[in-house]
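Observations on the model geometry
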Amino acid sequence: MSILSFMLLYVVGIPISTLLHEIGHALGVIVCSKERAHVYLGAKILPESLRVGRIHFHIRRGFFGFCTPQNGSSLTRKQSLGFIAGGPIMTLAVLLFASYLACYFAAPFLFEYFSISCNSSPANLSKMV
């Protein structure tokens with residue numbers, strides 16, 4: 001992997017994956033309760049950047065994030081479980097989707113590479129001559 005690819009992954013990939021993970025926590029809150037969820041990316045003391053339904057986003061460029069329900073202490077045990085499990089479930093869903101896309105887009109190239117490498121083996125080359 002080149003240094004440019006690594007920098008791009010670090011500067012773009014980590015904040016996006018962190019934001020998606022925190023959105024998963026927020027979805028856990030709004031699905032399991034009637035609370036509003038606040039998603040922070042960067043520092044906690046930020047003005048609201050965007051609101052989508054009951055999810056309030058406070059976004060600044062950063063590599064860490066967290067999600068809090070508006071009244072976190074009022075969540076029941078089941079609601080807290082939904083809040084806690086939402087992030088890992090979203091991360092798993094993103095992983096599965098990315099794996100599907102990688103297989104879908106990479107499979108033709110891998111097949112072409114494999115068939116070229118199989119056809120250009122010394123045994124096949126001697127048959128061609």
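Residues numbered from 1 in each chain as written. Predicted model: local features only at pLDDT ≥ 70, side-chain atom pairs only at ≥ 80, totals over all residues. Heavy atoms only, no water.

**Examining the side chain of Ser33**
Convention followed: Secondary structure elements are defined from DSSP: runs of H or I of at least 4 residues count as helices, runs of E of at least 2 residues count as strands, and each element is numbered from the N terminus. Exposure categories follow from relative accessible area, calculated using a 1.4 Å probe and restricted to protein chains: below 20% of the type maximum is buried, above 50% is exposed, and the middle band is partly exposed. Distance and chemistry together define a polar contact, namely a pair of N or O atoms within 3.5 Å, with one atom able to donate a hydrogen and the other to accept it when in protein, and with adjacent residues in sequence counting only for side-chain atoms on both sides. In what follows, a contact means two residues having at least one pair of non-hydrogen atoms within 4.5 Å.
Residue position: Ser33 is located in the loop between helix H1 (3-32) and strand E1 (37-41). On the accessibility criterion, Ser33 (8% relative accessible area) is buried. Of the polar contacts made by the side chain of Ser33, one reaches the backbone nitrogen of Glu35; its length is 3.2 Å. Excluding residues that lie within four positions of it along the chain, Ser33 makes contacts with Arg54, Leu75 and Gln79.

**Quick look at the confidence of the model for the protein chain**
Residues shown with low pLDDT carry predicted positions that ought not to be read at fine detail. Filter applied, for reference: The predictor attaches a confidence to each residue, called pLDDT, with possible values from 0 through 100.
Summary statistics for the protein chain give a mean pLDDT of 81 and a share of 80% for residues scoring 70 or more. Model confidence for the protein chain, summarised as mean pLDDT per element, is weakest for helix H3 (residues 122-128) at 50 and strongest for E1 at 92.

**Here we look at the pairing of strand E3 (residues 55-59)**
To keep things clear, this is the line we draw: In this analysis, strands are considered paired if DSSP registers two or more bridges between them.
Within E3, four of the five residues are buried, which leaves it mostly tucked inside the rest of the structure. Of the strand pairs in this sheet, E1 and E3 are connected by five bridges, and their pairing is parallel. Within E3, the residue paired with His38 across the bridge is His56. Pairing geometry for strand E2 (residues 50-52) and E3, over three bridges, is antiparallel. Of the residues in E3, the one forming a bridge with Leu50 is Phe57.

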